[in-house]
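The residues making up each chain are set out below.
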Amino acid sequence: MKWERVLRPRAYLPGPAGPAPPAPSPAPARQPALPRTLASGSSTRARTPRRAPTMAKRSSLFIRIVEGKNLPAKDITGSSDPYCIVKVDNQPIIRTATVWKSLCPFWGEEYQVHLLPTFHSVAFYVMDEDALSRDDVIGKVCLTRDTLATHPKGFSGWAHLTEVDPDEEVQGEIHLRLEVVQGTRACRLRCSVLEARDLAPKDRNGASDPFVRVRYKGQTQETSIVKKSRYPRWNETFEFELEEGVAEALCVEAWDWDLVSRNDFLGKVVFNVQRLRAAQQEEGWFRLQPDQSKSLREEGNLGTLQLEVRLRDEMVLPSGCYQPLVQLLCREVKLGTQSPGQLILLIEETTSTECRQDVATTLLKLFLGQGLAKDFLDLLFQLELGRTSEANTLFRSNSLASKSMESFLKAVQNVGNMDTPASRAKEAWMEPLQPTVRQGVAQLKDFITKLVDIQEKEELDLQRALSLQAPLVKEGPLFIHRTRGKGPLMSSSFKKLHFSLTTEALSFAKTPSSKKSTLIKLAHIRAAEKVEEKSFGSSHVMQVIYTDDAGRSQTAYLQCKCVNELNQWLSALRKVSINNTGLLGSYHPGVFRGDKWSCCHQRDKTDLGCDKTRSRVTLQEWNDPLDHDLEAQLIYRHLLGVEATLREKHRQLSAGPEAGPVLTGPGGAPEDPLAQLLQVLQDLREAHRSSPADSPPLEPSRVLELQT
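About the criteria used
- Residue numbers restart at each chain and count upward from 1, following the sequence in its written direction.
- Two thresholds apply to this predicted model, a pLDDT of at least 70 for residue-level local features and 80 or more for giving and counting side-chain atom pairs, whereas whole-chain, interface and lining totals are computed over all residues.
- The basis for the side-chain values is all heavy atoms of the structure; hydrogens and waters are excluded.
- Each helix is a run of DSSP H or I of at least 4 residues and each strand a run of E of at least 2, with the numbering of both proceeding from the N terminus.
- Remark: exposure states derive from per-residue accessible area (1.4 Å probe, protein chains only) relative to the maximum for the residue type, with buried under 20%, exposed over 50%, and partly exposed in between.
- Any pair of residues with heavy atoms lying within 4.5 Å of one another is described as a contacting pair.
- At least two DSSP bridges between two strands are needed for those strands to be called paired.
- Orientation is described by lines fitted to C-alpha atoms, with helices fitted over the stretch in contact, and by angles between N-to-C directions that extend from 0 to 180 degrees.
- Here the angle decides the label: under 35 degrees means roughly parallel, over 145 means roughly antiparallel, 65 to 115 means roughly perpendicular, and every other value means oblique.
- With the far helix as reference, a near helix turned anticlockwise by less than a right angle produces a left-handed crossing, and one turned clockwise produces a right-handed crossing.
- A 3.5 Å cut-off defines polar contacts: any pair of N or O atoms within that distance qualifies, except that in protein one atom must be a possible hydrogen donor and the other a possible acceptor, and neighbouring residues in sequence count only when both atoms are side-chain atoms.
- Residues belong to one nonpolar core when they are buried, are Ala, Val, Leu, Ile, Met, Phe, Trp, Tyr or Cys, and are joined through side-chain atoms within 4.5 Å.
- Here the expected span of a helix is defined as 1.5 Å times the quantity of residues minus one.
- Pairing of aromatic rings covers Phe, Tyr and the six-membered ring of Trp, with a centre-to-centre limit of 6.5 Å; geometry is then stacked below 30 degrees between planes, edge-to-face above 60, and tilted otherwise.
- As a reminder, the over-ring test applies to NZ of lysine and CZ of arginine, requiring each to be within 6 Å of the ring centre and within 35 degrees of the ring normal.
- In the scheme used here, Gly and all other residues not listed as nonpolar or charged are polar, with Ala, Val, Leu, Ile, Met, Phe, Trp, Tyr, Cys and Pro taken as nonpolar and Asp, Glu, Lys and Arg as charged.
- A pair is scored as a salt bridge if a Lys or Arg side-chain nitrogen falls within 4 Å of a carboxyl oxygen belonging to Asp or Glu.
- pLDDT runs from 0 to 100 and stands for how confident the predictor is about each residue.
- Any cysteine sulfur atom paired with another within 2.5 Å is treated as part of a disulfide.

**Student:** Please explain the overall build of the protein as it appears in this structure.
**Tutor:** In terms of helices and strands, the protein carries 16 helices and 28 strands. Residues classed as buried in the protein amount to 49% of the 708 residues present. Here the analysis covers contacts within the protein between residues at least 6 apart in sequence; of these, 69% occur between residues at least 24 apart.

Laid out in structure tokens, this is it:
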């Protein structure tokens, strides 16, 4: 079962008696110090005092890859073996299964990915799997974030596959400093090419040999070539003479140098010099853009791909802001049918059929976190039975009661599994049921043991001991290599072990049944990131950066068997360590081999890192814990959509013959539940409006104006 929500693991489940404690803030990201940086097109500025609660923007993508049709034949048999690779900003995150010998494959696979709000595009590559050679690229479909943002209900339908142009397969950012300085005769344009990160790998070794070409007014200057690096550092400066009234643009291009073939294009950034003259000086990280100077190609006969892609951006306030809404709904559930306002009934009446399942699931999880799931379901059934007039009808199939019970039963269908590891593999948001379930399972086991007179007491004691261990998050075989000294790092030095990740530590053993040894304590993890392909000759290696008991930084390198397993382990590690103190903001995607880093060639082993960490990029899993703030935000957003209907209902009730005087409680607050709900919605709307995340920037970003 997949819940559409953004993950934020919590260590608490608030009870109905009091508010939830605030979520711990992640450690500030560690980035190399820059004199005046404009990262990713936004300007940095001095921190101003907070005037309102700060919202957290969370972005998630729901992806459903349905099927392909009329794909071209890539094999000599006249068929293909297609599969899909999903990339976000050119980073692979999902691989579907291979459909053998088919030109019209059906996948029907669904995923949900939590991303940074700054991502730019999601691309779907259809590949043909080959056993003896490199897989062939059939075509791709690319959807930008702007395109998805214009479709609130998501993109759904058939899309034509287009040819993959190498000049469009660009990624990464380049760090530039642009200045207009006064020369002896005229002003001069000074362009300092400092460094780049996450460039596209164009060579077979998984790296590139990048250099930068700066062009202005027919003049071209080039940096030196940095061999075998996707994170080069140049620190080279070029100057051009400026002329008044000249509208020529400044073009900065990144290229991969090749000895025997033409150089490969890595991306470019184009600047408006007139706007730069007005700005005088700018510095920042600029996203490399593809070469769009070519004429648009007609869509070839590459087939089509049926997709469903939906982007959801949620601005989530701190927990305290949602407490009035949560407490009001909880009070209504506790009062049951004795409540004068019947808010739950009003919510059902104003909920359309299309979104009733989502609303039911969200309400169920919200009340479950408050320990009121049973009361909520009881209330729904009482209301449903009270409205049932047909003798042969017990429940309506599309009512809020039936949808809520459907969600509840799907979640608990395997909750009492007798096998200890499987019993943990349930929705973590069902945690309030855990004590009751464990007690029932233990009693049933004891009864069966006495019934069949089993004498294996030691085994039973072992099972009981295992049931008291920390909950298992993920387990499976991995290959490990831990760097020590200056020796070479080779893929053959990896050793296969069985790893287990719990909420306390990452452990390993020779076999699943062997005694486990702790490798890394969970609280010591500082980052979990990918390792670039050239380091070990594999694109499925990750690194876990942690501190040992002595406080020294260590790195464990773990190799997975495929891209899906890699991203699942990274996602699990990031989720369980997201609230750790001292999380890194940057890291080295390479290894320290000999006397330098293989990624950026820096010789300082303690260097902060040449790439950004991606601790918030995770995959949605069916057993993710409940995010209370997000569930409250989803309910608020739904109620906001039907606020006009609720206000009309309140007006009718107030003007009806049974309407009495308006009662107010302490402080002048209305006692009418519907009036209170409308007031809570107004307060939350005001909190969203006054939050710094929704406020316009106090000064315009000039980088977007500089780029043409």
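**Student:** Quick question: what am I supposed to make of the pairing of strand β3 (residues 91-95) here?
**Tutor:** In the sheet, strand β2 (residues 82-88) pairs with β3 via 4 bridges, with the strands oriented antiparallel. Note that in β3 the partner of Val88 across the bridge is Gln91.

**Student:** Where do I start with the sheet that holds strand β7 (residues 155-160) in this structure?
**Tutor:** Hydrogen bonds between backbone groups are what pair the strands of a sheet, and the pairing can be parallel or antiparallel. An order of β7-β16-β1-β4-β28 is seen for the 5 strands of this open sheet, with the pairing classed as antiparallel. Looking along the sheet, the strands with just one partner apiece sit at the ends: β7 and β28 (618-619). As paired strands, strand β1 (residues 56-69) and strand β16 (residues 304-316) are joined by 13 bridges and run antiparallel to one another. The residue of β16 that forms the bridge with Leu61 is Leu311.

**Student:** Please explain the packing of helix α3 (residues 319-335) against helix α15 (residues 673-690) as it appears in this structure.
**Tutor:** How two helices pack is summed up by the angle between their axes together with the distance between the axes. Contact pair α3 / α15: the axes reach a minimum separation of 9 Å and the direction vectors enclose 160 degrees. Here α15 runs roughly antiparallel to α3, going by the angle between their axes. Where α3 crosses over α15, the handedness of that crossing is left-handed. Taking contact as the criterion, the partners of Cys321, Tyr322, Pro324, Leu325, Leu328, Arg331 and Glu332 in α3 are, on α15, Pro673, Gln676, Leu677, Val680, Leu684 and His688.

**Student:** Explanation requested: the side chain of Glu314 in the structure shown.
**Tutor:** Here Glu314 lies in strand β16. Judged by relative accessible area, which is 2%, Glu314 ranks as buried. Of the polar contacts made by the side chain of Glu314, one reaches the side chain of Gln633; its length is 3.3 Å. Once you skip the residues sitting within four places of it in the chain, Glu314 turns out to touch Ala56, Lys57, Arg58, Leu630, Gln633, Leu634 and Arg637.

**Student:** Even after reading the chapter, I still don't get the nonpolar core, so can you show me in this structure?
**Tutor:** Generally speaking, a soluble globular protein has its nonpolar side chains buried in company with each other. Counting residues in hydrophobic clusters, the biggest one holds 47 residues, and the most contacted among them are Leu325, Leu363, Phe367, Phe376, Leu639, Leu646 and Leu677. Breaking this core down by element, the ones donating at least two residues are α3, α4 (343-349), α5 (356-369), α6 (373-387), α7 (400-412), α13 (628-641) and α15. Grouped together as the second largest cluster of nonpolar side chains are 31 residues, Ile63, Ile65, Phe155 and Val309 included.

**Student:** I'm lost on α15 in this one. Help?
**Tutor:** Note that an α-helix has 3.6 residues per turn; residues three or four places apart therefore point the same way. Relative to the 26 Å expected for 18 residues at 1.5 Å per residue, α15 spans 26 Å between its end C-alpha atoms, a close match to the ideal helical length. Of the positions making up α15, those classed as buried are Pro673, Leu674, Ala675, Gln676, Leu677, Leu678, Val680, Leu681, Leu684, Ala687 and His688.

**Student:** I tried to follow the pairing of strand β11 (residues 219-222) on my own but got confused; where do I start?
**Tutor:** Regular strands have side chains that alternate between both faces of the sheet. Here 4 bridges tie strand β10 (residues 210-216) to β11, and the two strands are oriented antiparallel to one another. By the bridge assignment, Arg215 is partnered in β11 with Thr220. The turn linking β10 back onto β11 is made up of 2 residues, and Lys217 within it adopts a positive phi angle of 55 degrees.

**Student:** What exactly am I supposed to notice about the packing of aromatic side chains here?
**Tutor:** Each pair of aromatic rings is reported with the distance of its centres and the angle of its planes. Taken as a whole, this structure holds 8 aromatic pairs when the rule is applied. Judged by centre distance (5.3 Å) and plane angle (75 degrees), the ring pair of Phe592 and Trp597 falls under edge-to-face. A residue is classified by how much of its surface remains accessible, and Trp597, at 11% relative accessible area, is buried. Connected via pairs of aromatic rings, a cluster forms that spans Phe494, Phe536 and Tyr557. Directly above the ring of Trp285 sits Arg197, whose terminal nitrogen or CZ lies 3.7 Å from the centroid.

**Student:** Which parts of the structure should I look at to understand the sheet that holds strand β5 (residues 121-128)?
**Tutor:** The sheet built from 4 strands is open, its strands ordered β3-β2-β5-β6 with antiparallel pairing. Unpaired on one side and paired on the other, β3 and β6 (136-144) mark the two borders of the sheet. Neighbour to neighbour, the strand axes of the sheet diverge by 25 degrees on average, direction disregarded.

**Student:** How do you make sense of the packing of α5 against α13 when you look at a structure like this?
**Tutor:** Following both chains from N to C, one finds α5 and α13 inclined at 135 degrees, their axes separated by 9 Å at the closest point. By the angle class used here, α5 and α13 are oblique. The handedness of the crossing between α5 and α13 comes out as left-handed. On the side of α5, the interface is formed by Val359, Thr362, Leu363, Lys365, Leu366 and Gly369, while α13 contributes His628, Glu631, Ala632, Leu634, Ile635 and His638. Taken together, the residues of the contact of α5 with α13 break down into 6 nonpolar, 4 polar and 2 charged.

**Student:** Please explain the side chain of Glu643 as it appears in this structure.
**Tutor:** Within the element layout of this structure, Glu643 appears in helix α14 (residues 643-655). A relative accessible area of 10% places Glu643 in the buried class. Within the structure, Glu643 has its side chain in polar contact with the side chain of Arg685 (distance 2.8 Å). Look past the residues within four positions of Glu643 in its chain and what remains in contact with it is Leu678, Leu681 and Arg685.

**Student:** Is there a simple way to explain unusual backbone geometry in this structure?
**Tutor:** With phi around 50 degrees, Lys101 is a residue other than glycine that occupies positive phi space. With respect to the helices and strands, Lys101 occurs in the loop between β3 and β4 (106-115). Non-glycine residue Lys228 carries a positive phi angle of around 50 degrees. Within the secondary structure, Lys228 is located in the loop between β11 and β12 (233-241).

**Student:** Looking at this structure, I do not really get the environment of Leu573. What am I missing?
**Tutor:** Checked against the element boundaries, Leu573 lands in helix α12 (residues 563-576). Distance in space between the C-alpha atoms of Leu573 and Val544 is 8.6 Å, their sequence separation being 29 residues. With residues near it in sequence (within four places) discarded, Leu573 still touches Leu501, Ile525, Ala528, Met542 and Val544.

**Student:** What exactly am I supposed to notice about the pattern of salt bridges here?
**Tutor:** Any two side chains of opposite charge can pair if their charged atoms end up close together. Under the defined criterion, the tally for this structure stands at 31 salt bridges. A salt bridge links Asp627 to Arg58, with the nearest nitrogen and oxygen atoms 2.4 Å apart. Of this pair, Asp627 sits in the loop between β28 and α13 while Arg58 sits in strand β1, placing them 569 residues apart in sequence. Here Lys374 makes a salt bridge to Asp378, at a shortest N to O gap of 3.0 Å. Remark: Asp378 and Lys374 occur in helix α6; sequence separation between them is 4 residues, near one turn of the helix.

**Student:** How should the confidence of the model for the protein be read in this particular structure?
**Tutor:** If pLDDT is low for a region, its predicted coordinates should not be looked at in detail. Looking at the protein, the pLDDT average stands at 79 and 75% of residues meet or exceed 70. Here residues 485-491 is a poorly scored stretch, pLDDT under 50, and it has 9 contacts once near neighbours within four places are set aside; other chains count. Contacts from residues 694-705, a stretch scored under 50 in pLDDT, to residues over four places away or in other chains number 22 contacts.

**Student:** Is there a simple way to think about the state of the cysteines in this case?
**Tutor:** Here a disulfide denotes a covalent bond joining the sulfur atom of one cysteine to the sulfur atom of another. What the rule picks out here adds up to 0 disulfides. Between Cys610, a cysteine without a disulfide, and Cys599, which holds the nearest cysteine sulfur, the sulfur-to-sulfur distance is 3.5 Å. On the accessibility criterion, Cys610 (7% relative accessible area) is buried.

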